[in-house]
Amino acid sequence: MKPQPHKPPLSGTQIVDEYFIENRTRLLEIAAFLDRVDRMDPTVRSRDFRMKAFIEAVNALGAMPDRLLQIQMILSDPTIDPLDRLDRKSAIGAFDPSGHPEARS
Amino acid sequence: MRYIDHHAHMVSRTTDDYQQLALTGCVAVTEPAFWAGWDRSCGDSVEDYFRQLTEFEPKRAAAYGVQHYSWLAMNPKESDDRELSRDVLKRIPKFLDRPTVLGIGEIGMNRITRNEIATYTEQVELAIEHDQLILIHTPHLEDKLKGTRISIDVLTRYPELNPQRVMIDHAEEHTIEMIRDRGYWAGLTLYPQTKISPQRAVDVIEKYGPDRICVAGACDWGPSDPIAVPRFAVEMRRRRHDETLIERVIFENPIRFLSQSPKFKVTISTPEPARIG
C-alpha cells in the first residue's frame, strides 16, 4: 500500500517557530552527553559499540533525506537469524556487531 | 474529545489513572496480557492473572465509566520458556468465551530466540483455530526491525489469516511500511524513551496518512503515561490538524479494528464517559 500523506497544515517556517527551542535544547543535551563521555574517558567512544553507533547516528544528522530512517537502521540489528538461546531479558539500544562480522562494514 | 487506548496495562495502574482516563475522554481501554516485570513460576500464576484481566479489571474500570477489554496470551518476555508457554496455551481457550476477551495478545518476540518463535507460531495458530483477533508486540530498540520482519514472515505462512484482523503494535518509522504494505493494522506506542513520541507519531500520520493506524500509551509498571493518547491529540492540534482527523485516529480507527470482535461494544455514537468515580 502506497503511503497517502496527510498534508501538514503548518509551513516550514511555522514548524521552526513551533519546535525550534525544544530541539535546540535536545541538541545541547546530545552535545553535553558526548562531552561528558569524553571528559570521563575519551577512549570509550571508540571501544563501546553503543557509542560507535551513536556517533555514526549523529553523523547521519547531516545526511538528507530521511535522517530518522537512517538512524533507525544504524541502531538496529540487521541480522536475520534467531538466537539459539536467550542471552538476556532486554534490548540495550544498539546492535553489537562483535560476533557478526558480516553485519557491519 | 473521545478516545480509545487499545494498549494499556491497567493492572499496574492506580484508580487515579482510571480517573485521568475518564477525565480526558477515554471511552474504552483494551489490555493485553504481558510480563509482570518478573517471571512467573507456573501456569496457575498466569491463570490467576487472566482471571484478574477478565473479572476484576472490567469492574474497576466501569466505576469510572470506562469500558475494559482484554487480550490473552503467553507474553513475549516469558515465551522463551517453552514448558510454561505450553501450559499457558492449554489454559487460554477456556477464557476465550468471556464477554470482554477480544483476542490473542500480546504475542510476539522479545530477543528473537528459536523458542520465542515457536511459542509465537503456536499462538498464531491458536488464534486462527478459535477465530480470534491478534495483537502483536514487536521487540524493543535494536531488536524491533528483525523482530517485526520475522513476526510478519510467520504470519504469511497462514494464507487463511486475514491481515486486517491483525494489529502489529509498537511500530516505528522503520517498520510501519512493511506492516501496512501487507495489509495489517499498525499500532504506534506513545511511550517514553523506548518507543515513539507524540511528535514522531504525528509525523507518521502526516507522512503515511491515517489509514489502519492506531495510537496507544501502553502504560504499565514502568515509567509511562496513562494519558498519552490525549497528549498525542494535543500534539495534532499544535500542528493545526483538524478535529475530524484527530477523532479518526484516536477513536474511529480503533473502533474499526476492534469491532471485528462482536464483543467490542463501542460505536461511533458512543459518548464520552458520563460518570467519574
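Just above sits the structure.
Note that the structure is predicted; figures quoted are calculated from it, not measured.

> Quick rundown of the packing of helix α7 (residues 198–208) of chain B against helix α8 (residues 228–238) of chain B? Include the residues and the values.
Residues and elements named next belong to chain B. Running from N to C, α7 and α8 cross one another at 60°; their axes reach a closest spacing of 9 Å. Taken as axis vectors, α7 and α8 run oblique relative to one another. Here the hand of the crossing between α7 and α8 comes out right-handed. Of α8, the residues touching α7 (which contributes Pro 198, Gln 199, Ala 201 and Val 202) are Arg 231, Phe 232, Glu 235 and Met 236. In terms of residue class, the contact of α7 with α8 is made up of 5 nonpolar, 1 polar and 2 charged.

> Lay out unusual backbone geometry in plain terms, naming residues and giving numbers.
Cis geometry marks the peptide bond from A:Met64 to A:Pro65, where omega comes out at -15°. As for its position among the elements, A:Pro65 is in the loop between α3 (49–60) and α4 (67–74). One non-glycine residue with positive phi stands out, namely B:Asp131, at about 55°. For B:Asp131, the position within the fold is in the loop between α4 (114–129) and β5 (133–137). The class of B:Asp131 is exposed, set by 10 C-beta atoms lying within 10 Å.

> Which residues make up the pairing of strand β7 (residues 185–189) of chain B, and what values go with them?
Each regular strand displays side chains that alternate between the two surfaces of the sheet. All names here are of chain B. Burial of β7 is extensive: 5 of the 5 residues sit out of reach of the surface. By the alternation rule, side chains of β7 split into Trp 185, Gly 187 and Thr 189 and Ala 186 and Leu 188, which are all buried. Pairing of strand β6 (residues 166–168) with β7 involves 2 bridges; the strand directions are parallel. Note on β7: the bridge partner recorded for Ile 168 is Ala 186. Crossover handedness for the path β6 to helix α6 (residues 176–181) to β7: right-handed.

> How would you sum up the nonpolar core? Please name residues and give values.
Formed by 83 residues in total, the largest nonpolar core has its most connected members in B:Leu190, B:Val215 and B:Val229. With 6 residues, helix α9 (residues 243–258) of chain B is the single largest residue contributor to this core. Not counting the four nearest positions on each side in its chain, B:Leu190 is found in contact with B:Ile196, B:Ser197, B:Pro198, B:Ala201, B:Val215, B:Ala216, B:Gly217, B:Ala228, B:Val229, B:Arg231 and B:Phe232. By size, the runner-up hydrophobic cluster in this structure holds 7 residues, among which are A:Ile74, A:Leu75, A:Ala94 and A:Phe95.

> I'd like to hear about the interface of chain A and chain B, residue by residue, with values.
Opposite the 31 residues of chain A that make contact, chain B presents 32 residues. No other element matches the 4 residues that α4(A) contributes to the side of chain A that touches chain B. For the side of chain A that touches chain B, the class distribution of residues is 18 nonpolar, 6 polar and 7 charged.

> Could you give me a rundown of the environment of B:His68, with the residues and numbers involved?
Counting through the fold element by element, B:His68 comes out in strand β3 (residues 67–72). Apart from residues lying up to four places away in sequence, B:His68 is in contact with B:Met10, B:Val29, B:Glu31, B:Glu57, B:Pro58, B:Ala61 and B:Thr100.

> Let's hear about the pairing of strand β4 (residues 101–108) of chain B: which residues, and what values?
Residue and element names in this part refer to chain B. With 8 of its 8 residues buried, β4 lies for the most part within the structure. As judged from the 3 bridges shared by β3 and β4, these two strands associate in the parallel manner. Looking at the pairing, Trp 71 lines up with Gly 103 of β4. Bridge count between β4 and β5: 4 bridges; the pairing is parallel. Counted as the bridge partner of Ile 107 is Ile 136 from β5. Crossover connection from β4 via α4 to parallel β5: handedness right-handed.

Scoring rules and cut-offs
Residues numbered from 1 in each chain as written. Chains lettered and ligands numbered in written order. Predicted model: local features only at pLDDT ≥ 70, side-chain atom pairs only at ≥ 80, totals over all residues. Axes fitted to C-alpha atoms, helices over the stretch in contact; angles between N-to-C directions. Helix = DSSP H or I, 4+ residues; strand = E, 2+ residues; numbered from the N terminus. Parallel < 35°, antiparallel > 145°, perpendicular 65-115°, else oblique. Left-handed = near helix turned anticlockwise from the far one by under 90°. Contact = placed C-beta atoms within 7 Å. Nonpolar A, V, L, I, M, F, W, Y, C, P; charged D, E, K, R; others polar. Buried ≥ 20, exposed ≤ 12 C-beta atoms within 10 Å, placed from the backbone. Pairing = 2+ DSSP bridges. Right-handed = clockwise from strand over helix to strand, strands pointing away. Core = buried A, V, L, I, M, F, W, Y, C linked by C-beta atoms within 7 Å.

Scope: geometric values only; no functional claims are made or implied.
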